[in-house]
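The chain contents come next:
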Amino acid sequence: MSEGCNGSCGSCSEDCASRKPSREEMLEPVNRYSKVKRVIGVVSGKGGVGKSFITSYMTTLLRKKGYETAILDADITGPSIPKAFGIHGKVTGNEMGIFPAESGLGTKIMSINLLLDDEDTPVIWRGPVIAGSVTEFWTQVVWGNVDYMFVDMPPGTGDVPLTVFQSIPLDGIIIVTSPQDLVSMIVGKAVNMAKKMEVPILGLIENYSYVQCPNCEEKIEVFGESKLEAVAEKYHLDILGRLPLAQPIAKAIDEEKVEELEGDWLDHAADYIVQTLPPVEEKKKQGPLKIAVPVDESSKVNPHFGSAERFLIYTIDQGQLTEKKEVLPEGKGHDELGALMKELGIKVLVCGGIGAGAMDVLMKNEIFVVPGQEGDADAAVAAYLDGSAGVQTEYNCQGHAEGESCGCGCGCH
């Protein structure tokens, strides 16, 4: 606050800290059916340095280590991530949000190309519209459970990188560069932007570092002597890896088989990320959490939410089960059950099949729904709590014959 400030910002032109929102205040909430534990941005000060390949291959390495991975392709005007994985066609969605495409190994991917009728259609939008699309990828896509999400950003420090830094809770960024004389200035711009936005820098990756002779294995620096060590020392950054200019890499991308590529170039980078940013559960809100599960007579998850005759209610406090009780609702149907859930203070519903009408009622009552579960109710709740419960993306009821009503009277199944 400036000297002589009267506390009113309406007519004041001073650029003081008291009128600036914190980074936490600017962050957008992730889609409500998603748990994203770590978010890493991949940036570069200029184009053409192989940033998208490094994003794709880093994600593949972590996926092969057993982690749940995802890529948010924020390079709206130059989307190349889907092609690297051999993904074509359009994604779908419903009231829950947009469902990302999945690679052969299971990495979830969202890119503007997956929304276009023709992936060759150019995206001719102004900056604010492009930036808004990136935010929607974070808030509207049903990512499910993700240990590591990589955000492939366009080069430079324009609207989209700024939006990502401000709107998405980045745990850190990787700066990608190449061995050229401009590298120090280019890295410097990315470093300074990250510092201004209070985002940690995980380190540097240099692409096109060398060409290796297939006969004698000599490394030839075709772009001149690398300046990477000097730049890393100047900005106090770690070097996470160097990649060669190699035919197998180009071939894997051209043939859309990045997940089949074998190389140890980024093994250190992948290990560094796991050690530095281990996937952690999001912080739980203070106070007990109540979870409801519609069950049958044998305490199995009932495939019909709308016609469930009994519910198990779990109370979780500080990560421990403090109470488990059975509740028998007096009525059936979406409105009655939604009102009962709200009355009981339920925050999470773990269920099997559920219709769009029921989902809408529960969402209006601020109840988080985890559909598509089956089997023992205790196991289903445990899977939700440890983040391993998958999210069924279709509205379905599996306990009656095709075309037969489930009895809840809604007609939405």
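Refer to the structure presented above.
The shown structure was predicted, so the numbers you read here are calculated from the model rather than taken from an experiment.

**Observations concerning the overall build of the protein**
Consideration 1: A tally of helices and strands in the protein yields 12 helices and 17 strands.
Consideration 2: Here the protein holds 413 residues, and the buried ones make up 48% of them.
Consideration 3: Surface exposure of the protein reaches about 20300 Å², of which carbon and sulfur atoms provide 48%.

**Structural notes on empty space enclosed by the protein**
Consideration 1: Considering all chains together, one arrives at 2 cavities of 30 Å³ or more under this definition.
Consideration 2: Its volume calculated, the second largest cavity comes out at about 70 Å³.
Consideration 3: Lining the second largest cavity we find 12 residues, and of these Val43, Ser44, Gly156, Ala190 and Met193 sit closest to its centre.
Consideration 4: Looking at the lining of the second largest cavity, the element that brings in the most residues is helix H6 (residues 183–196), giving 3 residues.
Consideration 5: Within the lining of the second largest cavity, the residues separate by chemical class into 7 nonpolar, 4 polar and 1 charged.

**Looking at the sheet that holds strand S9 (residues 201–206)**
Consideration 1: The strand order across the open sheet formed by 8 strands is S5-S6-S2-S7-S1-S8-S9-S12, and the pairing between neighbours is mixed. The open sheet terminates on both sides in strands that have one partner only, identified here as strand S5 (101–102) and strand S12 (239–242).
Consideration 2: Pairing geometry for strand S1 (residues 34–43) and strand S7 (residues 144–152), over 8 bridges, is parallel. Opposite Val39, over in S7, you have Met149 as the bridge partner.

**Describing the environment of Tyr67**
Consideration 1: Mapped onto the elements of the fold, Tyr67 is located in the loop between helix H2 (51–64) and strand S2 (69–73).
Consideration 2: Excluding residues that lie within four positions of it along the chain, Tyr67 makes contacts with Leu62, Asp147, Tyr148, Val274 and Pro279.

**Thoughts on the packing of helix H10 (residues 334–343) against helix H11 (residues 356–364)**
Consideration 1: Close contact between H10 and H11 brings their axes to 9 Å; oriented N to C, the two are set at 30°. By the angle between their directions, the pair H10 and H11 is classed as roughly parallel. For the element pair H10 and H11, the recorded crossing hand is right-handed. Seen from H10, the contacting residues are His334, Asp335, Gly338 and Met341; seen from H11, they are Gly357, Ala358, Val361 and Leu362.
Consideration 2: Here the residues of the contact of H10 with H11 are counted per class, giving 4 nonpolar, 3 polar and 1 charged.

**Overview of the packing of aromatic side chains**
Consideration 1: The tally for this structure, following the rule as stated, stands at 5 aromatic pairs.
Consideration 2: Here the aromatic rings of Phe53 and Tyr57 are separated by 5.6 Å at their centres, their planes lie at 15°, and the arrangement is stacked. Of this pair, Phe53 and Tyr57 both sit in helix H2, separated by 4 residues, roughly a single helical turn. Exposure class is identical for Phe53 and Tyr57. Each is buried.
Consideration 3: Pairing Tyr57 with Trp265 gives two aromatic rings, centres 6.0 Å apart and planes at 50°, and the pair type is tilted. A residue pair is termed long-range when its members are at least 10 positions apart, and Tyr57 in helix H2 and Trp265 in the loop between helix H8 (247–254) and helix H9 (267–276) qualify at 208 residues.
Consideration 4: One aromatic cluster in this structure is built from Phe53, Tyr57 and Trp265.
Consideration 5: Above the ring of Tyr384, the side-chain terminus of Lys35 is found at 4.3 Å from the ring centroid.

Cut-offs used in this document
Residues numbered from 1 in each chain as written. Predicted model: local features only at pLDDT ≥ 70, side-chain atom pairs only at ≥ 80, totals over all residues. Heavy atoms only, no water. Helix = DSSP H or I, 4+ residues; strand = E, 2+ residues; numbered from the N terminus. Buried < 20%, exposed > 50% of the residue type's maximum accessible area, 1.4 Å probe, protein only. Areas by Shrake-Rupley, 256 points an atom, 1.4 Å probe, with all protein chains shown as cover. 1 Å grid on protein atoms, 1.4 Å probe; cavity = no way out; pocket = protein on both sides within 12 Å on 5 of 7 lines; lining within 4 Å. Points joined across faces, edges and corners; volume = space filled by probe spheres on them. Nonpolar A, V, L, I, M, F, W, Y, C, P; charged D, E, K, R; others polar. Pairing = 2+ DSSP bridges. Contact = heavy atoms within 4.5 Å. Axes fitted to C-alpha atoms, helices over the stretch in contact; angles between N-to-C directions. Parallel < 35°, antiparallel > 145°, perpendicular 65-115°, else oblique. Left-handed = near helix turned anticlockwise from the far one by under 90°. Phe/Tyr/Trp six-rings, centres within 6.5 Å; stacked < 30°, edge-to-face > 60°. Lys NZ or Arg CZ within 6 Å of the ring centre and 35° of its normal.

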